[in-house]
Amino acid sequence: MAGTVTHDPPPAAGGGRQGGPLIVTEDAGLLDDLLRLCAAAGATPEVHHGVPEQRGSWEAAPLVLVGDDAARRVRGAARRRGVVLVGRDQDDPGVWRRAVEIGADHVLMLPDGEQWLVDRIADVAEGVGRPALTVGVLGGRGGAGASTLACALAVTSAREGLRTLLVDADPLGGGLDVVLGGETAEGLRWPAFAASRGRVGGGALEESLPELHSLRVLSWDRGDCVTVPPQAVRAVLAAARRGGGAVVVDLPRRVDSGVAEILAQLDLALLVVPAELRAVAAAGRVASAVGMVLRDLRVAVRGPYAPGLDDREVARLLGLPLVGDVPVEPGLQHPSGSGRPPGAAGRSPLARFCREFWERALVEARAA
């Protein structure tokens, strides 16, 4: 149970991690529960038995969790927002009086209020800033080059200094960590998050993933698991977006419940279409399927071009906005064996295409 006494604490200003909450309690069992919830939210708290003696600690903490046993000891502390009184006795009417006496915003009873508290701790630990610009990439047909473009966009974003996370949403695609030459890199893959529910800490997620070419990669392992429950997909992608910067998602062409969760969180998606008529026809069916969920779908055309086709004609046939012509980068026909990921050559036509895309997309995002 969570009850509001006065008002919610304001969001932390700006992005970035803000630090952990202040815990005030002498109840060992309650402290164990609160430490567990802080760990689940990816936060490291400061623990005291009463109001901290260090000047400013009480006032500066982004969130204060006061055990019901400690309410009397903090009664004289300076009034501030973001104080939560935490107890376990659902039937104690005096808890509301004690909450008013210490100026608490909320009264929380464990274990019922655990998920609410994890969410609140994660909010203050991670800060509340602009979410990541989240871009999906999918092929109009098999072999369209969507995975290559997704990797190139992510590599380019990281090279430009953006915090970048690359998400492989296609369990049958062979693994983007392989494309980036990091199939043996340490870190978690999708199956490790299959049991995720509710809130996933963004900082903890990022630190748990393999780091390749200055970006984080969430891919699939080589095991038999090829599905993750939709609620876990929703929680993981939401955590990825909260960190800001850019998130690039390599999408499959089918739309199942997990993919629908991703599509709902995308800011835009690029449909990669080879410039030949059968590919355009296949891409039209893909666009119809994802268009039921996706708000902003654009087409990126890849040559060589069939007679009578150019990128504008492909976009017209599909009825989609045109991003441009995706250059073919020499040496990437077999990227996993090249030792160089797509987009790594900063002056290549593909890298230039990706850089110009990000420049336009970021301007659009700021103006929105």
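My aim in this report is to walk through the structure given alongside it, one point at a time.

What counts and how
- Residues numbered from 1 in each chain as written.
- Predicted model: local features only at pLDDT ≥ 70, side-chain atom pairs only at ≥ 80, totals over all residues.
- Heavy atoms only, no water.
- Helix = DSSP H or I, 4+ residues; strand = E, 2+ residues; numbered from the N terminus.
- Contact = heavy atoms within 4.5 Å.
- Areas by Shrake-Rupley, 256 points an atom, 1.4 Å probe, with all protein chains shown as cover.
- Lys, Arg positive; Asp, Glu negative; His and termini not counted.
- Charge placed at Lys NZ, Arg CZ, Asp CG, Glu CD.
- Salt bridge = Lys/Arg side-chain N within 4 Å of Asp/Glu carboxyl O.
- Buried < 20%, exposed > 50% of the residue type's maximum accessible area, 1.4 Å probe, protein only.
- Pairing = 2+ DSSP bridges.
- Axes fitted to C-alpha atoms, helices over the stretch in contact; angles between N-to-C directions.
- Right-handed = clockwise from strand over helix to strand, strands pointing away.
- Parallel < 35°, antiparallel > 145°, perpendicular 65-115°, else oblique.
- Left-handed = near helix turned anticlockwise from the far one by under 90°.
- Nonpolar A, V, L, I, M, F, W, Y, C, P; charged D, E, K, R; others polar.

### Digging into the overall build of the protein chain
From N to C terminus, the protein chain includes twelve helices and 14 strands. For the protein chain, the spread of C-alpha atoms along the principal axes amounts to about 80 × 40 × 35 Å. Considering only contacts within the protein chain whose residues lie at least 6 apart along the sequence, 71% involve residues at least 24 apart. Accessible area for the protein chain stands at about 16,300 Å²; split by element, carbon and sulfur atoms hold 52% of it. On the protein chain, the mean spot of the 40 positive side-chain charges and the mean spot of the 45 negative ones are 5 Å from each other.

### Examining the pattern of salt bridges
The tally for this structure, following the rule as stated, stands at 22 salt bridges. Across the pair Glu 114 and Arg 36 runs a salt bridge whose closest N-O atoms are separated by 2.7 Å. Here Glu 114, found in helix α4 (residues 114-126), pairs with Arg 36, found in helix α1 (residues 28-40); they are 78 residues apart in sequence, far enough to count as distant. Classification of Arg 36 as partly exposed rests on a relative accessible area of 41%. The closest approach of N and O atoms between Arg 216 and Glu 211, which form a salt bridge, is 3.7 Å. The exposure class of Glu 211 is exposed, given its relative accessible area of 51%. Shared partners join several salt bridges into a network, and the residues in it are Asp 27, Asp 33, Arg 36, Arg 88 and Glu 114.

### Section: unusual backbone geometry
For the bond from Leu 110 to Pro 111, the omega torsion is 10°, close enough to zero to count as cis. Mapped onto the fold, Pro 111 is located in the loop between β6 (106-109) and α4. For the bond running from Gly 303 to Pro 304, omega is 5°, close enough to zero to count as cis. Looking at the element boundaries, Pro 304 is found in the loop between β13 (297-302) and α11 (311-318). The phi dihedral of His 213 falls on the positive side, at around 55°, and the residue is not glycine. When you line up the elements, His 213 lands in the loop between β9 (211-212) and β10 (215-218). In this structure His 213 comes out as partly exposed when scored by relative accessible area, which is 36%.

### Quick look at the sheet that holds β13
Spatially, eight strands are ordered β9-β10-β8-β11-β7-β12-β13-β14 in an open sheet, and the strand pairing comes out mixed. Either end of the sheet is taken by a strand with one partner, and the two such strands are β9 and β14 (322-326). When strand β7 (residues 133-139) meets strand β12 (residues 268-274), the two strands line up parallel, connected through five bridges. Paired with Gly 139 across the bridge in β12 is Val 272. In this fold helix α12 (residues 349-367) packs onto β7, β11 (246-250), β12, β13 and β14, with an angle of close to 165° to the strand it touches most, β14.

### Here we look at the pairing of β14
Pairing geometry for β13 and β14, over four bridges, is parallel. Bridged to Val 301 within β14 is Asp 325. Traced from β13 through α11 to β14, the parallel crossover comes out right-handed.

### Quick notes on the packing of α1 against α4
Closest axis-to-axis distance for the α1/α4 pair is 8 Å, and the angle between their directions is 55°. As judged from the angle between their axes, α1 and α4 are oblique. Relative to α4, α1 is oriented so that their crossing is right-handed. Contacts from Leu 34, Arg 36, Leu 37, Cys 38 and Ala 40 in α1 reach Glu 114, Leu 117, Val 118 and Ile 121 in α4. For the contact of α1 with α4, the residue count by class is seven nonpolar, no polar and two charged.

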